[in-house]
Amino acid sequence: MPAPVVCRAVSAIGYCTTCSRAVHVSNADEPYCPVCSSALLMDEVPEPVAHRVGRNEAVIRRLNEDVVRAQRPDDPLEIACECGNADCTAHLRVPAAVYAEVRASRARFLLLPGHQLAGAEVVIGRGDGYAVVEKRGPGRTVAVESDPRG
């Protein structure tokens, strides 16, 4: 697996309704889209976006399942960030026990702190370099239905 990517600190992901994109927003950033300069939605996520983000997260979760099977279970696991941003390339180091606990719930994902999408998921736990989120709303249905563990 490639070395973990260091990402700038972010506090949330906003959504641009003009160009239909999720945008990482740091504490220092103004909540405007860097592409079209439209104001970002920070607390509401349109239903089609929630579905798309849920599908993106589900794809990465399936990839991580394959990666984890190839790693030794007693080592910290290196996995891809399971956030809904299709452009994210961050990696996380997660204890195997934490990974197993998160996977016990079909609506939970592991991501870099701050990569959560407000309005579509809620942070329910944090660790050293990772956050655990639980999907809610329409994205939860996508997450549950696409869980590779069934």
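Worth saying up front: this structure is predicted, and the values here are computed from it rather than measured.

About the cut-offs
Residues numbered from 1 in each chain as written. Predicted model: local features only at pLDDT ≥ 70, side-chain atom pairs only at ≥ 80, totals over all residues. Heavy atoms only, no water. Helix = DSSP H or I, 4+ residues; strand = E, 2+ residues; numbered from the N terminus. Buried < 20%, exposed > 50% of the residue type's maximum accessible area, 1.4 Å probe, protein only. Areas by Shrake-Rupley, 256 points an atom, 1.4 Å probe, with all protein chains shown as cover. Core = buried A, V, L, I, M, F, W, Y, C linked by side-chain atoms within 4.5 Å. Contact = heavy atoms within 4.5 Å. Salt bridge = Lys/Arg side-chain N within 4 Å of Asp/Glu carboxyl O. pLDDT = per-residue confidence, 0-100. Expected span 1.5 Å × (residues − 1). Arc of directions from axis to C-beta.

Draft legend 1. Broad picture of the overall build of the protein. Regarding its fold elements, the protein presents three helices and seven strands. Listing every helix and strand of the protein by position from the N terminus yields β-β-α-β-β-α-β-β-β-α. Per-residue burial over the protein gives 43% buried out of 150 residues. As displayed, the protein offers around 7600 Å² of accessible surface, 52% of which is attributable to carbon and sulfur atoms.

Draft legend 2. Highlighting the nonpolar core. Membership of the largest hydrophobic core comes to 20 residues, with the highest contact counts inside it found for I79, C81, L92, V94, Y99, L110 and Y130. Of all the secondary-structure elements, those providing two or more residues to this core are strand 3 (77-80), strand 4 (91-94), helix 2 (96-103), strand 5 (108-111) and strand 7 (130-135). If sequence neighbours within four positions are ignored, L110 has contacts with I79, A80, C81, E82, L92, V94, V98, Y99, V102, Y130, A131 and V132.

Draft legend 3. Quick look at the environment of S38. Among the secondary structure elements, S38 is positioned in the loop between strand 2 (21-25) and helix 1 (47-69). Sequence-wise, S38 and T18 are 20 residues apart; in three dimensions their C-alpha atoms are separated by 6.8 Å. In this structure, S38 is in contact with C16, T18, P31, Y32 and C33, ignoring residues within four places of it in sequence.

Draft legend 4. Expanded view of the pattern of salt bridges. Inspection of the entire model under this criterion finds eight salt bridges. A salt bridge links R103 to E65; its shortest N-O distance comes to 3.4 Å. Here R103, found in helix 2, pairs with E65, found in helix 1; they are 38 residues apart in sequence, far enough to count as distant. Summarising the burial analysis for this pair, R103 and E65 share the class buried. E82 is the salt-bridge partner of R103, the closest N and O atoms lying 2.1 Å from each other. Placement of the pair is R103 in helix 2 and E82 in the loop between strand 3 and strand 4, with a sequence separation of 21 residues. The class for R103 is buried, based on a relative accessible area of 3%. In this structure E82 comes out as buried when scored by relative accessible area, which is 0%. Connected through salt bridges with shared partners, the residues E57, E121 and K135 form a single ionic network.

Draft legend 5. Representation of the confidence of the model for the protein in the model. In the predicted model, the protein carries a mean pLDDT of 78, and 82% of its residues have values of at least 70. Ranking the elements of the protein by mean pLDDT puts strand 1 (residues 12-16) last, at 70, and strand 4 first, at 93.

Draft legend 6. Region of the structure containing helix 1. Between its first and last C-alpha atoms helix 1 spans 33 Å; for 23 residues at 1.5 Å apiece the expected length is 33 Å, and the two agree. Here helix 1 has its buried residues at V49, A50, V53, G54, E57, A58, R61, N64, E65 and V68.

Draft legend 7. Structural view of helix 2. Along helix 2, the residues classified as buried are V98, Y99, V102 and R103. Seen along its axis, helix 2 keeps its buried residues to an arc of 130°; they face one direction. Exposed residues on helix 2 whose side chains face more than 90 degrees from its buried face are A97 and E101. Looking at the buried side of helix 2, the elements it contacts are helix 1, strand 3, strand 4, strand 5 and strand 7.

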